Amino acid sequence: MRTPSARTLRAAVASALAVVTVLSVSGCSSDDENSDEISVEPQPPAQSPAAAVTPAGIVTDFAPVSALTFDPVTRTLVALTDSSTSVSLVGTDAAAQTRVIDLGSVGAELVAGRDSTVLVPLNGSVARIDVADGQRTDLAVESNALSAADLPDGTTAVGDDTGTIRVLDASGQVTRTVSGGSVTSADALASTPKGVSVLDRRQTSVTDLNLDDGTLGVALRAGEGAAEMTSDEFGRLLVTDSTGTELLVFTSHDLLMRQRFPVGSKPWAIAYDEQSGVAWVTLPALNEVVGYTLDTGIPVETERLATVRQPDSIAVDDNTGDLYIGSATGDGLQRIPSAGRQGGT
């Protein structure tokens with residue numbers, strides 16, 4: 001999470017084109033529409049072998065990492081560490097000291113929030129941590145929170161393990177709720193200029209949310225075993241299908257699947273570099289990270305690099321294009337500078 005390398009799949013590009021599916025609401029098959037009819041057991045990332053190749057870039061000793069994000073304003077890498085029970089703030093300045101915030105609970109994920117904050121969904125609350133000073137404030141939620149996203153109107157959407165999505169104002173009051181329907185677990189939320197979408201790993205689906213009237217919108221199957229989701233500046237949703245070994249690209253709101261491509265191994269973490277327009281996907285079973293451009297109709301591989309063992313998390317510095325990859329087994333924190341890479345500056 002092993003199929004052949006993506007380099008050996010170049011001959012499959014033509015066949016991949018044939019399976020690129022553009023779906024409209026009226027053209028969805030019943031298999032795509034009825035997300036509640038299929039349920040899968042979400043699988044963890046593929047287990048990595050011992051690293052056989054020296055990782056690219058620079059590797060420093062670090063605790064096991066569950067998730068990563070990067071704040072370009074404060075130049076801080078933020079990591080979910082210690083079995084997801086703490087947040088580590090790592091300044092990229094050589095003189096900066098790493099600060100560790102104890103969560104007192106297990107975080108479900110780590111999400112970049114507004115104004116140089118990060119959000120950590122917990123059982124019963126969402127922690128907001130100010131990256132600049134490490135201060136923490138909590139929004140109480142009456143559920144086991146799995147996902148969170150700050151919205152343009154100043155509210156925060158929170159998804160839980162029942163598939164319910166609540167929208168909270170700055171004081172923590174619930175202003176809107178979306179529940180029921182085909183979403184059984186709100187594992188990731190993406191807020192784009194075109195709306196809010198939710199990833200359900202058990203249904204391996206992506207669903208639009210109609211927050212104005214509290215209803216679910218269009219839902220589409222996201223491969224055979226959706227893993228991670230992010231978005232880009234064009235409002236596209238980028239999803240790794242670990243079981244189906246594909247990278248999936250959707251338009252958000254009035255969902256359409258625009259691209260799907262076999263990546264040759266079970267992909268996991270994904271990050272998007274706005275400067276270069278490259279989506280970076282980790283392949284834990286190969287200890288590799290692969291970059292894909294998305295502007296030619298199908299993803300096109302641009303670069304493949306060796307990583308630390310068990311690369312289950314990735315972040316990109318949008319100012320420099322540097323990549324950060326965390327080892328979930330404690331084999332280090334990896335920085336791959338854009339300078340010296342293909343197309344690097």
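For the structure itself, consult the block above.
In short, a report on the structure.

How each quantity is defined
Residues numbered from 1 in each chain as written. Predicted model: local features only at pLDDT ≥ 70, side-chain atom pairs only at ≥ 80, totals over all residues. Heavy atoms only, no water. Helix = DSSP H or I, 4+ residues; strand = E, 2+ residues; numbered from the N terminus. Buried < 20%, exposed > 50% of the residue type's maximum accessible area, 1.4 Å probe, protein only. Areas by Shrake-Rupley, 256 points an atom, 1.4 Å probe, with all protein chains shown as cover. Contact = heavy atoms within 4.5 Å. Pairing = 2+ DSSP bridges. Axes fitted to C-alpha atoms, helices over the stretch in contact; angles between N-to-C directions. Phe/Tyr/Trp six-rings, centres within 6.5 Å; stacked < 30°, edge-to-face > 60°.

Right, let's get into the overall build of the protein. Counting its regular elements, the protein contains two helices and 26 strands. Put simply, the protein has 345 residues, and 54% of those count as buried. If you sum the accessible surface of the protein, you get close to 14000 Å²; carbon and sulfur atoms cover 49% of it.

The subject of this paragraph is the environment of Gly330. Along the chain, Gly330 turns up in the loop between strand E25 (323–327) and strand E26 (333–336). Exposure remark for Gly330: the relative accessible area of 32% places this residue in the partly exposed category. Between the C-alpha atom of Gly330 and that of Asp61, which follows or precedes it by 269 residues, the distance is 7.8 Å. Not counting residues within four places of it along the chain, the set of residues in contact with Gly330 comprises Phe62, Ala63 and Pro64.

Ordered by their spatial adjacency, four strands build an open sheet running E12-E13-E14-E15, and the pairing between neighbours is antiparallel. Here the strands that pair on one side only, and so sit at the sheet edges, are strand E12 (188–192) and strand E15 (215–221). Averaged over all neighbouring strand pairs, the angle between strand axes comes to 25°, with direction disregarded.

As a further point, take the environment of Thr60. With respect to the helices, strands and loops of the structure, Thr60 is situated in strand E1 (residues 58–60). Overall, Thr60 belongs to the partly exposed group, its relative accessible area being 40%. Expressed as a C-alpha distance, the spacing of Thr60 and Arg335, which sit 275 residues apart in the sequence, is 8.5 Å. Contacts of Thr60, omitting those with residues within four sequence positions, involve Gly332 and Leu333.

The next subject is the sheet that holds strand E8 (residues 136–150). Strand pairing in a sheet relies on backbone hydrogen bonds. The paired strands run either parallel or antiparallel. With respect to topology, six strands assemble into an open sheet ordered E6-E7-E8-E9-E10-E11, the strand pairing being antiparallel. With partners counted over all chains shown, the strands left at the sheet margins are strand E6 (111–112) and strand E11 (174–178), one partner each. Examined bridge by bridge, strand E9 (residues 156–160) and strand E10 (residues 165–168) share four bridges and lie antiparallel to one another. Its bridge partner lying in E10, Thr156 is registered against Leu168.

Right, let's get into the packing of aromatic side chains. Describing an aromatic ring pair means giving the distance of the ring centres and the angle of the ring planes. Tallied over the full model, the rule gives two aromatic pairs. Centroid distance Phe70 to Tyr324: 5.4 Å. Interplanar angle 15°. Geometry classified as stacked. Taken as a pair, Phe70 in strand E2 (residues 65–71) and Tyr324 in strand E25 lie far apart in primary sequence, 254 residues in all. Owing to a relative accessible area of 8%, Phe70 belongs among the buried residues under this scheme. A ring pair is formed by Phe261 and Tyr292, whose centres lie 6.1 Å apart and whose planes are at 65°; its orientation type is edge-to-face. Placement of Phe261 in strand E19 (residues 256–262) and of Tyr292 in strand E22 (residues 288–293) is noted, with a sequence separation of 31 residues between them.

Of all six residues in strand E17 (residues 236–241), six are buried, a share of seventy percent or more. Burial along E17 is two-sided: the residues Arg236, Leu238 and Thr240 and Leu237, Val239 and Asp241 are all buried. Sheet topology places strand E16 (residues 226–231) next to E17; four bridges connect them, and they run antiparallel. Bridge pairing in E17 places Met229 opposite Val239. Hairpin connection from E16 to E17: four residues lie between these consecutive antiparallel strands, with Gly235 at a positive phi of about 80°. Sheet topology places E17 next to strand E18 (residues 246–251); six bridges connect them, and they run antiparallel. Looking at the pairing, Leu238 lines up with Val249 of E18. Counting the residues in the hairpin turn of E17 and E18 gives four residues, including Thr245, whose phi is positive at 55°.

With that settled, consider the pairing of strand E13 (residues 195–200). Counting buried positions along E13 gives five out of six residues, so the element sits mostly inside the fold. Between E12 and E13, which follow one another and run antiparallel, lie two residues. Where E13 lies against strand E14 (residues 205–210), five bridges are found, and the strand directions are antiparallel. Looking at E14, one finds that Ser197 is bridged to Asp208.

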